[in-house]
Amino acid sequence: MIVRILGEGQFDLDEHALDALNGLDHQIERSIETGDEEMFKIALAGLHAAIRSSGTHHEAASLDESDLILPPADATLDEVRQMLGDDGLIPG
């Protein structure tokens, strides 16, 4: 699976790794629901760190489409709220 972090690039990630990322995704959703800006920033940074550590950089010159697109590190709570689907940022 190819995961793009906007402004940073694409990462190849094993689909099983997504299960482990769902906990962070739920934290992001909860922080948006409650308007907790501090928890939001911590959870988003944690999600990005987990993707970087679990995945490998996808070839930068590749024209492969991303399977999943995540907000950039400096995204605001409102910007991410607009990106959320029914399953959060990460389906499943």
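Residues numbered from 1 in each chain as written. Predicted model: local features only at pLDDT ≥ 70, side-chain atom pairs only at ≥ 80, totals over all residues. Heavy atoms only, no water.

Asker: Any chance you could explain the pattern of salt bridges here in plain terms?
Answerer: Once the charged atoms of two side chains with opposite charge are near each other, the side chains can pair. The final tally for this structure, using the stated rule, is two salt bridges. Salt-bridge contacts for Glu 8 lead to Arg 52; the nearest nitrogen and oxygen are separated by 2.5 Å. With Glu 8 in the loop between strand S1 (2-5) and strand S2 (9-12) and Arg 52 in helix H2 (residues 37-54), this pair connects stretches of sequence that are 44 residues apart. The exposure class of Glu 8 is partly exposed, given its relative accessible area of 33%. Across the pair Arg 81 and Asp 78 runs a salt bridge, and its minimum N-O distance is 2.4 Å. Pair noted here: Arg 81 and Asp 78 are both in helix H3 (residues 77-83), with a separation of three residues, about one helical turn. (Salt bridge = Lys/Arg side-chain N within 4 Å of Asp/Glu carboxyl O. Helix = DSSP H or I, 4+ residues; strand = E, 2+ residues; numbered from the N terminus. Buried < 20%, exposed > 50% of the residue type's maximum accessible area, 1.4 Å probe, protein only.)

Asker: When you look at the pairing of S2 in this model, what are you seeing that I'm missing?
Answerer: Looking down a regular strand, the side chains alternate between one sheet face and the other. Looking at chain direction, S1 and S2 are connected through four bridges and run antiparallel. Paired with Arg 4 across the two strands is Gln 10, which belongs to S2. Inspection of the sheet shows S2 paired to strand S3 (residues 56-57) by two bridges, in the antiparallel sense. Paired with Asp 12 across the two strands is Thr 56, which belongs to S3. (Pairing = 2+ DSSP bridges.)

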